Amino acid sequence: MSKDTDTRPRAVSERGRARVDTEAGDLKLVNVTKRFGDFAAVKDLTLTIPQGSFFALLGASGCGKTTTLRMVSGLEEPTAGRVLLGDHDVTRLRPYKRPVNTVFQNYALFPHLTIAENIAFGLKRRGVKDIKKPVQDMLDLIELSHIGARKPNQLSGGQQQRVALGRALINRPQVLLLDEPLGALDLKLRRQMQIELKRIQTEVGLTFVHVTHDQEEAMTMADTIAVMNMGRIEQLGSPTDLYENPKTTFVANFLGQSNLLPGKVAGPVGEHLQVVLEDGTRVLIPAARNRAGGEEVIVGVRPEKVSIHSSAEDVPDGHNVLAGGVVTDTSFVGVSTQYVVKGPYCDEFGVFVQNDGALIHRPGSEVVVSWDPSQGFGLDGKQDIDAGAEADLEAGS
């Protein structure tokens, strides 16, 4: 391919760093369905992933996220619908004809080649003659230029993952697909690589589509998250919006933890709604954060938004109050102490309290819990209150 006719995104040097200069174009899935016999793995999915964004497909095993990724890469063909990159329909293109590369969990590095040779492999296959500078730029980007002569078996898991990333990026893809890329790493390395991946994505400026079952991983790196459930997108938004304003019980339970209490709307109180819980307790939720269309509502509040007290006299003015609770479990986890409280309102109510020297309540202690009404939310009371709570978090789907 000549220099004049090569219109793929280019890797260029920018202050010693490799940068991908992408053509304009969002990744779009339009009414995409994928069936395997009678089973629909993905159902009428329409989605736009903005160019240059870090996008995460988050869900449990079997939700359809990996099948979606495989349709973007060309490893699976949609039963119906289209896949577009910018204005180009790539639905029926073979994988090697798409400006898309994939980084897998198992790295798939060539053990007999050095780091530099692994990264250069794609350039050599394409017949690129002058590979020294782009390889060096990529080694600088992944911060491994000082050990470019080593073999993969001399590297840590995190370093091997960076080599796999560099090998994919040097091929100048328009979209980089990440299929559970950190699943093989231990917790400390995984957290380090989350920061590294986000740094690299920001520097190269191309579209990353990341498939994961790890909520923390998605929330740490992604600009936008699509929570998938049973072949559909349950909710789409920024990590903050999904966490603070879940639309369904599935999202509230799957993305972090939530205390969910069924009740009925009693009426408006200023900018709030008063809800009567099943035990008769009255609490307030913001009217603007209520997604229930009728009288039945599920009141939700995140455990870290809740305070725990020895008596009702310690509760700040204006807080929602749940009395008559008993601590059934106390877990010290360093930055916080996590409580499970049983009361007439709920058998297992979670409270996460930052460790700042306050009294730790032991199991068997009688307690009162409270929270600022502005921190709660309301969901449709006709939903399954346990949806997403027991989701299978194993990789795959």
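Residues numbered from 1 in each chain as written. Predicted model: local features only at pLDDT ≥ 70, side-chain atom pairs only at ≥ 80, totals over all residues. Heavy atoms only, no water.

K.L.:
In this structure, what is going on with the overall build of the chain? I would like to understand it.
P.N.:
The number of helices and strands found in the chain is 8 helices and 22 strands. C-alpha extents for the chain along the principal axes are approximately 75 × 45 × 35 Å. For the chain, with 397 residues in total, the buried portion stands at 50%. The contacts of the chain with a sequence gap of at least 6 include a subset with a gap of at least 24, amounting to 67%. (Helix = DSSP H or I, 4+ residues; strand = E, 2+ residues; numbered from the N terminus. Buried < 20%, exposed > 50% of the residue type's maximum accessible area, 1.4 Å probe, protein only. Contact = heavy atoms within 4.5 Å.)

K.L.:
Please clarify how the UniProt feature "domain: ABC transporter" (unreviewed entry) in the chain should be interpreted in this entry.
P.N.:
According to UniProt, the "domain: ABC transporter" (unreviewed entry) feature falls on residues 27-255. As annotated, residues 27-255 has a helix share of 35% and a strand share of 27%, and its two end C-alpha atoms lie 25 Å apart. (UniProt positions renumbered as here; feature names shortened; annotations may be inferred.)

K.L.:
How should the pattern of salt bridges be read in this particular structure?
P.N.:
Oppositely charged side chains are able to pair whenever their charged atoms sit close together. Summed over all chains, the structure comprises 13 salt bridges. The shortest N-O distance in the salt bridge between Lys-133 and Asp-137 comes to 3.1 Å. Of this pair, Lys-133 and Asp-137 both sit in helix α3 (residues 132-141), 4 residues apart, roughly one helical turn. Given the relative accessible area of 46%, Lys-133 is considered partly exposed. Accessibility expressed as a relative area gives 9% for Asp-137, which makes it buried. For Arg-199, the salt bridge is made with Glu-203, and the minimal N-O distance between the two is 3.2 Å. Residue Arg-199 and its partner Glu-203 are both found in helix α5 (residues 187-204); the two are separated by 4 residues, about one turn of the helix. On the accessibility criterion, Glu-203 (23% relative accessible area) is partly exposed. Shared partners join several salt bridges into a network, and the residues in it are Glu-143, Arg-162, Glu-196, Arg-199 and Glu-203. (Salt bridge = Lys/Arg side-chain N within 4 Å of Asp/Glu carboxyl O.)

K.L.:
How should I be thinking about the packing of helix α4 (residues 157-169) against α5 in this particular structure?
P.N.:
The geometry of a pair of packed helices is captured by two quantities: the angle between their axes and the separation between those axes. Here α4 crosses α5 at 20°, and the two axes come no closer than 10 Å. Here α4 is positioned roughly parallel relative to α5, judged by the angle of their axes. Considering how the two elements wind past one another, α4 and α5 form a crossing that is right-handed. Facing α4, whose interface residues are Gly-157, Gly-158, Gln-161, Arg-162, Leu-165 and Leu-169, α5 presents Leu-189, Met-193, Glu-196, Leu-197, Ile-200 and Val-204. Its residues assigned to classes, the contact of α4 with α5 comprises 7 nonpolar, 3 polar and 2 charged. (Axes fitted to C-alpha atoms, helices over the stretch in contact; angles between N-to-C directions. Parallel < 35°, antiparallel > 145°, perpendicular 65-115°, else oblique. Left-handed = near helix turned anticlockwise from the far one by under 90°. Nonpolar A, V, L, I, M, F, W, Y, C, P; charged D, E, K, R; others polar.)

K.L.:
For this particular structure, what's the right way to read the sheet that holds strand β5 (residues 54-58)?
P.N.:
On the basis of which strands lie adjacent, the open sheet formed by 6 strands has the order β8-β9-β10-β5-β11-β12 and mixed pairing. Unpaired on one side and paired on the other, β8 (100-103) and β12 (232-237) mark the two borders of the sheet. Neighbouring strand axes in the sheet, compared pairwise and without regard to direction, differ in orientation by 20° on average. Against the sheet, α4 touches β8, β9 (175-179) and β10 (207-212), its axis set at about 170° to β8. (Pairing = 2+ DSSP bridges.)

K.L.:
What is the right way to look at the side chain of Asn-290 in this model?
P.N.:
In this structure, Asn-290 sits in the loop between β15 (282-286) and β16 (296-301). Given a relative accessible area of 18%, Asn-290 falls into the buried group. Of note is the side chain of Asn-290, whose polar atom sits 3.2 Å from the backbone nitrogen of Ala-292. Contacts of Asn-290, omitting those with residues within four sequence positions, involve Leu-273, Ile-285, Val-297, Gly-378 and Leu-379. (Polar contact = N/O pair within 3.5 Å; in protein donor to acceptor, adjacent residues only side chain to side chain.)

K.L.:
Sorry if this is basic, but what is going on with unusual backbone geometry here?
P.N.:
Negative phi is the rule for most residues except glycine; trans is the rule for most peptide bonds. For Asn-31, which is not glycine, the phi torsion reads 50° and is therefore positive. A positive phi angle is found at Met-230, which is not glycine, with a value near 55°. Topologically, Met-230 is positioned in the loop between β11 (224-229) and β12.

K.L.:
For this particular structure, what's the right way to read the packing of helix α2 (residues 115-125) against α3?
P.N.:
At a closest axis distance of 10 Å, the pairing of α2 and α3 adopts a crossing angle of 125°. By the angle between their directions, the pair α2 and α3 is classed as oblique. The handedness of the crossing between α2 and α3 comes out as right-handed. Seen from α2, the contacting residues are Ile-115, Ala-116, Ile-119, Ala-120 and Leu-123; seen from α3, they are Pro-134, Val-135, Met-138 and Leu-139. Of the residues in the contact of α2 with α3, the class split is 9 nonpolar, no polar and no charged.

K.L.:
Can you help me understand the pairing of β15 in this one?
P.N.:
Regular strands have side chains that alternate between both faces of the sheet. Both strand β14 (residues 272-277) and β15 contribute to a ladder of 5 bridges, which runs antiparallel. Looking across to β15, one finds that Val-276 is bridged to Arg-282.

K.L.:
It is not clear to me how α4 should be interpreted in this structure. Could you clarify?
P.N.:
Every α-helix winds through 3.6 residues per turn, so residues three or four apart in the chain are directed the same way. With 13 residues, α4 extends 18 Å from end C-alpha to end C-alpha; this agrees with the ideal 18 Å at 1.5 Å per step. Every buried residue of α4 is listed here: Gly-158, Gln-159, Gln-160, Gln-161, Arg-162, Val-163, Ala-164, Leu-165, Gly-166, Arg-167, Ala-168 and Leu-169. (Expected span 1.5 Å × (residues − 1).)

K.L.:
Looking at this structure, I do not really get the sheet that holds strand β21 (residues 366-371). What am I missing?
P.N.:
If you trace the 5 strands from one edge of the open sheet to the other, you get β17-β21-β18-β19-β20, paired in antiparallel fashion. Of all the strands in the sheet, just β17 (307-309) and β20 (346-354) have a single pairing partner and so form its edges. On average, each strand axis in the sheet is tilted by 45° relative to the strand beside it, whichever way the strands run.

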